[in-house]
Amino acid sequence: MNPSTTDFQPFELRNARDYARWREWKLADYPASAPELTVPLSDPGALTATESAAILACCRKANMAIYDSGEHPFGKPLLRRFGRQFGLERLDMNLRADEDSITSLRVVPESTGTHYIPYTSRSLNWHTDGYYNSPDEQVRGIVMHCVQDAASGGENRLLDPEIAYLLLRDANPGYIRALMQPDAMTIPPNIEAGSQIREARSGPVFTVEKHGGSLHMRYTARTRSIIWKDDRDTRMAVGFLADLLASDSPWTVSYRLHAGQGIICNNVLHSRAAFSDDAASGRVRLLYRARYHDRIRGTAPGNYFEEVLACSG
Ligand SMILES: [Fe+2]
């Protein structure tokens, strides 16, 4: 990699030139709709060069792709093989993951004591995954595969964190400075049945990865059990983000996954609508979700620097 490539740092606030170049490339033909992001696959475990390049192109530009594996039988080992082709290797362990660390997301009866919203049919507000994880266990990549869609509802809304960054930085670079503070967002400790199962987590919303210069985002739109830093720019930035996510922004992708389809992404912002299962007809929603500490390989700014240069002339 030549020095100019590794020095390309569009997400550092002090670097106005790289940001301007990157911004022009980012907004040129941005794929902000599900059809533009969808790649049909013949065998998810052994992608063709064309399929793999199509997914990578979407993930470089928009940090996400939707794949469609049709009727191909799809189990957790195949999900694992699919992810590995994009450098997604290190799975995140979480409290509710099955033994193999790939979570089966389905409605779990309330009587089991689980009251986490992902395991209900209720709507899920905007967030990135693992925002409560420790700094060295951040979730950078996700594969979410739909085994069975619900009888109705369950649409996802998705927003590329780099677009959120761009809109915030254009509105006021001070918003980015505020959201990069190491104590911008604090999640109180997780206490269940009187015992603490996770300590409080304090951290920035936006981080620039030391290796590769990629942008990473931690965020939740929840308003309870979260403490935002009490300064003017943080308040304004958080308000700006909340308004953006609540709006009908043209940058937001809305999509309802069907059986055999899935999303591969660099932990983009997402929400989920409420849904209804119908056991009688077998329409009981089931998703497999794998969270990784890795980003999708080949999506760091240095990897597409040539494209940026070509775009800005
Ligand atoms: Fe999530």
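Residues numbered from 1 in each chain as written. Predicted model: local features only at pLDDT ≥ 70, side-chain atom pairs only at ≥ 80, totals over all residues. Heavy atoms only, no water.

Trainee: What is the right way to read the overall build of the chain from this model?
Mentor: Within the chain, the regular secondary structure consists of nine helices and 19 strands. Relative to a compact globule of 313 residues, whose C-alpha radius of gyration would be 20 Å, the chain shows 19 Å and is just as compact. If one aligns the C-alpha atoms of the chain with their principal axes, the spans along those axes are about 60 × 50 × 35 Å. Every one of the 313 residues in the chain was classed for burial, and the buried ones make up 52%. Put simply, of all contacts in the chain between residues at least 6 apart along the chain, 79% involve residues at least 24 apart. Just so you have it, the chain exposes about 14,200 Å², and 53% of that area is on carbon and sulfur atoms. (Helix = DSSP H or I, 4+ residues; strand = E, 2+ residues; numbered from the N terminus. Rg over C-alpha atoms; globule rule 2.2 N^0.38 Å. Buried < 20%, exposed > 50% of the residue type's maximum accessible area, 1.4 Å probe, protein only. Contact = heavy atoms within 4.5 Å. Areas by Shrake-Rupley, 256 points an atom, 1.4 Å probe, with all protein chains shown as cover.)

Trainee: I keep staring at the coordination of the iron ion and nothing clicks. Help me out?
Mentor: Each pair of donors in an ideal octahedron of six around a metal sits at 90 or 180 degrees, and each pair in an ideal tetrahedron of four sits at 109.5 degrees. At this site the iron ion is bound by His127 (NE2), Asp129 (OD) and His270 (NE2), with donor distances of 2.1 to 2.2 Å. Of note, the donors binding the iron ion are all from one chain and are spaced H-x1-D-x140-H. Taken together, the residues span a long stretch of sequence, with histidine 127 in strand S4 (residues 124-127) and histidine 270 in strand S17 (residues 269-272) at a distance of 143 residues. Grouping residues by exposure puts histidine 127 and histidine 270 together as buried. (Donors = N, O, S within 2.8 Å, 3.2 Å for Na, K, Ca; no water.)

Trainee: For this particular structure, what's the right way to read the packing of aromatic side chains?
Mentor: The geometry of an aromatic ring pair comes down to the distance between the two centres and the angle between the two planes. The tally for this structure, following the rule as stated, stands at 14 aromatic pairs. Arranged with centres 4.3 Å apart and planes meeting at 10°, the rings of tryptophan 25 and tyrosine 304 form a pair that is stacked. Pair noted here: tryptophan 25 is in helix H2 (residues 16-27) and tyrosine 304 is in the loop between strand S19 (286-292) and helix H9 (305-312), with a separation of 279 residues, a long-range link. Each member of the pair tryptophan 25 and tyrosine 304 is classed as buried. It is lysine 61 that lies over the ring of tryptophan 25; its NZ or CZ is 4.5 Å from the centre. When the ring centre of phenylalanine 275 is taken as reference, the NZ or CZ atom of arginine 285 above it lies at 5.0 Å. (Phe/Tyr/Trp six-rings, centres within 6.5 Å; stacked < 30°, edge-to-face > 60°. Lys NZ or Arg CZ within 6 Å of the ring centre and 35° of its normal.)

Trainee: Just checking my understanding: could you explain the pattern of salt bridges for this structure?
Mentor: Pairing is possible between side chains of opposite charge, provided their charged atoms come close. Within the structure shown, the criterion is met by 16 salt bridges. Between arginine 140 and glutamate 209 there is a salt bridge; the shortest N-O distance is 2.7 Å. Taken together, the residues span a long stretch of sequence, with arginine 140 in the loop between S4 and strand S5 (141-148) and glutamate 209 in the loop between strand S12 (206-208) and strand S13 (215-217) at a distance of 69 residues. Neither arginine 140 nor glutamate 209 differs from the other in exposure class; each is buried. Each of Lys26, Asp160 and Glu162 takes part in a single network of salt bridges with overlapping partners. (Salt bridge = Lys/Arg side-chain N within 4 Å of Asp/Glu carboxyl O.)

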